[in-house]
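So the chains spell out like this:
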Amino acid sequence: MSMPSGTELLLIFGIVILLFGAKKIPDLAKGIGQGIRNFKKEMKEEEPTPTTSATPEAPKQMETTTTANVEAPKTTTQA
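Given the structure is predicted, the values throughout are model-derived calculations rather than measurements. (Residues numbered from 1 in each chain as written. Predicted model: local features only at pLDDT ≥ 70, side-chain atom pairs only at ≥ 80, totals over all residues. Heavy atoms only, no water.)

**Student:** I tried to follow the overall build of the protein on my own but got confused; where do I start?
**Tutor:** Of regular secondary structure, the protein possesses two helices and zero strands. Taken over 79 residues, the protein has a buried fraction of 0%. In the structure as shown, the protein presents an accessible area of about 8700 Å², 62% of it carried by carbon and sulfur atoms. (Helix = DSSP H or I, 4+ residues; strand = E, 2+ residues; numbered from the N terminus. Buried < 20%, exposed > 50% of the residue type's maximum accessible area, 1.4 Å probe, protein only. Areas by Shrake-Rupley, 256 points an atom, 1.4 Å probe, with all protein chains shown as cover.)

Structure follows, in structure tokens:
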């Protein structure tokens with residue numbers, strides 16, 4: 001399938017103008033252009049988050065438990 005020739009392009013543009021109207025087409029093009037610009041701007045503003053940080057985090061301290069608070073299991077002896 002080849003590219004449309006000059007007369008086919010004119011026919012396509014004529015149908016588009018009939019469908020949307022001459023005033024609506026520039027508004028549509030303007031909206032598309034603004035959308036693309038906003039998308040590009042947001043992509044530039046978004047900084048990629050690093051997977052590994054340059055400064056290592058401080059190691060977390062674990063709470064120490066004392067064994068004095070824990071009761072030993074009681075054993076009963078039968079005679």
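Past the structure itself, the notes keep going.
**Student:** Which parts of the structure should I look at to understand the packing of helix H1 (residues 6-20) against helix H2 (residues 24-45)?
**Tutor:** How two helices pack is summed up by the angle between their axes together with the distance between the axes. In contact at an axis separation of 9 Å, H1 and H2 are set at 95° when each is read in the N-to-C sense. Comparing the axis directions of H1 and H2 gives the class roughly perpendicular. Where H1 approaches H2, its residues Val16, Ile17 and Phe20 are matched on the opposing element by Lys24, Ile25 and Leu28. Of the residues belonging to the contact of H1 with H2, the class tally is five nonpolar, no polar and one charged. (Axes fitted to C-alpha atoms, helices over the stretch in contact; angles between N-to-C directions. Parallel < 35°, antiparallel > 145°, perpendicular 65-115°, else oblique. Contact = heavy atoms within 4.5 Å. Nonpolar A, V, L, I, M, F, W, Y, C, P; charged D, E, K, R; others polar.)

**Student:** What is the right way to look at a nonpolar patch on the surface in this model?
**Tutor:** Together, Leu9, Leu11, Ile12, Phe13, Ile15, Val16, Leu19, Phe20 and Leu28 give the surface a local cluster of nonpolar side chains, amounting to about 850 Å² of exposed area. Broken down by element, the residue count for the nonpolar patch peaks at eight residues, all from H1. In this fold, Val16 is placed in helix H1. (Patch = residues over 30% accessible without salt bridge, like charges linked within 9 Å, V, L, I, M, F, W, Y side chains within 5 Å. Salt bridge = Lys/Arg side-chain N within 4 Å of Asp/Glu carboxyl O.)

**Student:** How should H1 be read in this particular structure?
**Tutor:** Structural remark: α-helix, 3.6 residues per turn; residues separated by three or four positions point the same way. With 15 residues, H1 ought to run about 21 Å at 1.5 Å a step, and its terminal C-alpha atoms sit 21 Å apart, in line with that. Phi turns positive, to about 90°, at Gly21, one or two residues after H1. (Expected span 1.5 Å × (residues − 1).)

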